[in-house]
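Here is how the chains run, residue by residue.
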Amino acid sequence: MVHINFLKKIIYGLLAFLLFFTICLWNESKKGYSVSLKLESKNFQLPRNLQFLARGLAPKTTVLASPKGSGAPNGAQDRPHAQKSNVKVWDEDSSSKNLPPRLQKVRKNYLHMNKYNVTFKGKRQLKKLSVNALLCQLASRVKVTMIKATDFPFNTSEWERHLPQKSIRDNFGQLNSCAVVSSAGSLKASSLGREIDSHDAIMRFNGAPTRKFQQDVGQKTTFRLVNSQLVTSAKFLQDSLYKEGILILWDPSPYHSEIPEWYKKLDYNFFQNYKQYRKENPNQPFYILHPNVPWELWDILQENSPEDIQPNPPSSGMLGIVIMMSFCDKVDIYEFLPSKRKTDICYYYQHFFDSACTMGAYHPLLFEKNMVKHLNRGTDEDIYLKGKVTVSGFRNIRC
């Protein structure tokens, strides 16, 4: 009897230890440390008792290959700064099969809804374009322009003095090195603030703050891209966060519709708050992105994706990347592709968990990330360690 009781105590002790160990692993995953992105080097190695977990949880990944002539993928020759690496990061050929079942179902629902009446008639690329060819496609077909006072119906007395008088490019000179800073939760504890602030210009998104997060995201803001839903909120008129930098507002039109049609069918009716903001802050540049820009970009995303993407406009992040590529010679993009700090926490300044923030649901985010990874001229180490992708500006390409 004594031996049986002693054996029970040992079993109960082991069960308690396993429960404690499981809770610890769960807590670490919520902090954003992911065993699915593993640096294969002498300085980074998982304990043997956790390696089987890493193999079981790892997503499909890609390894940057050697230059063309020794097995490089198509387009690798266009990455002059890329080096051979064993670091596993985002796979530029990811497909909807990589999505969790919940997100696969959400994607299919959006494909059927087709809210914006998308009637894509472009030609799919049967073979992946080289990096330079893709850059030429983006530069020639995505016309990054703003609504002007001469555009009907903005040329009426109702809009007089509301739109900025100067072109957006008149507000800044030639920009060499620029940063696009995502709002991803994986920026937390990154210590990238000083590096980000070293750029000539920095773009941020919606309500992403810098105060209290300077060490990780920097403190300088040159551009802030805001969606129309945000602008309709009362907080937008009151919060000092939006008083810094050049504001760019975007609202998607029905698929490739003209300005007058969009004017009557806004996604979110931001006109009243926009006019009020301009009245209260007349000296702050505040532009409205031409509503066709998102669909010009969407067409290229669809043409270069082997499967149907969501018939919804691109994300603010992808729009911001292309806008900065049209303004700058070189663009460093932070945590649009996840680093070793990958997490399901959506924003570095909130505690909201959802895998859709990384993989995409409403926006065709997965396919946007594929394109950004293909355009990367940096190293996989930069992606793994910093979540940093480097792409060329449009001024530097020869088409």
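The preceding data block contains the structure.
So, how was this worked out
Residues numbered from 1 in each chain as written. Predicted model: local features only at pLDDT ≥ 70, side-chain atom pairs only at ≥ 80, totals over all residues. Heavy atoms only, no water. Pairing = 2+ DSSP bridges. Helix = DSSP H or I, 4+ residues; strand = E, 2+ residues; numbered from the N terminus. Axes fitted to C-alpha atoms, helices over the stretch in contact; angles between N-to-C directions. Contact = heavy atoms within 4.5 Å. Buried < 20%, exposed > 50% of the residue type's maximum accessible area, 1.4 Å probe, protein only. Polar contact = N/O pair within 3.5 Å; in protein donor to acceptor, adjacent residues only side chain to side chain. Parallel < 35°, antiparallel > 145°, perpendicular 65-115°, else oblique. Left-handed = near helix turned anticlockwise from the far one by under 90°. Nonpolar A, V, L, I, M, F, W, Y, C, P; charged D, E, K, R; others polar. Core = buried A, V, L, I, M, F, W, Y, C linked by side-chain atoms within 4.5 Å.

Some details on the sheet that holds strand β1 (residues 175-181)
- Read from one edge to the other, the open sheet built from 7 strands follows the order β5-β4-β3-β2-β1-β6-β7, with strand pairing classed as mixed. If you trace the sheet from one side to the other, it starts and ends with β5 (286-288) and β7 (388-392), each paired once. Neighbouring strand axes in the sheet, compared pairwise and without regard to direction, differ in orientation by 20° on average.
- Pairing between β1 and strand β6 (residues 328-334): 6 bridges, direction parallel. Looking across to β6, one finds that Cys 178 is bridged to Val 331.
- The strands touched by helix α10 (residues 271-280) are β4 (246-250) and β5; relative to β5, the strand with the most contacts, the crossing angle is about 155°.

Quick notes on the side chain of Thr 379
- Note that Thr 379 resides in the loop between α14 (365-375) and α15 (380-386).
- According to the relative accessible area criterion, Thr 379 is buried, its value standing at 14%.
- Among the polar contacts made by the side chain of Thr 379, one reaches the main-chain amide nitrogen of Asp 382 at a distance of 3.2 Å.

Here's the deal with the packing of helix α4 (residues 131-141) against helix α11 (residues 293-303)
- Close contact between α4 and α11 brings their axes to 9 Å; oriented N to C, the two are set at 155°. With respect to α11, the element α4 is oriented roughly antiparallel. As α4 packs across α11, the resulting crossing turns out to be right-handed. Note on element contacts: α11 touches α4 through Glu 296, Leu 297, Asp 299, Ile 300 and Glu 303, opposite Leu 134, Gln 137, Leu 138 and Arg 141.
- A breakdown of the residues in the contact of α4 with α11 according to their chemical character gives 4 nonpolar, 1 polar and 4 charged.

As for the nonpolar core
- With 67 residues, the main nonpolar core has Leu 138, Phe 223, Ile 248, Met 324, Phe 327, Ile 333 and Leu 375 as its most contacted residues.
- Per element, the largest residue contribution to this core is 8 residues, and it comes from helix α12 (residues 316-327).
- Once residues lying within four places of it in the same chain are set aside, the contact partners of Ile 248 are Met 146, Ile 168, Met 203, Phe 223, Arg 224, Leu 225, Val 226, Tyr 287, Leu 289 and Ile 323.
- Counting 23 residues, the second-largest nonpolar core is a separate cluster that includes Trp 159, Tyr 242, Trp 262 and Tyr 274.

Describing the environment of Met 113
- Along the polypeptide, Met 113 turns up in helix α3 (residues 101-113).
- Given a relative accessible area of 54%, Met 113 falls into the exposed group.
- The spatial distance from the C-alpha of Met 113 to the C-alpha of Pro 311 is 8.4 Å, given a sequence separation of 198 residues.

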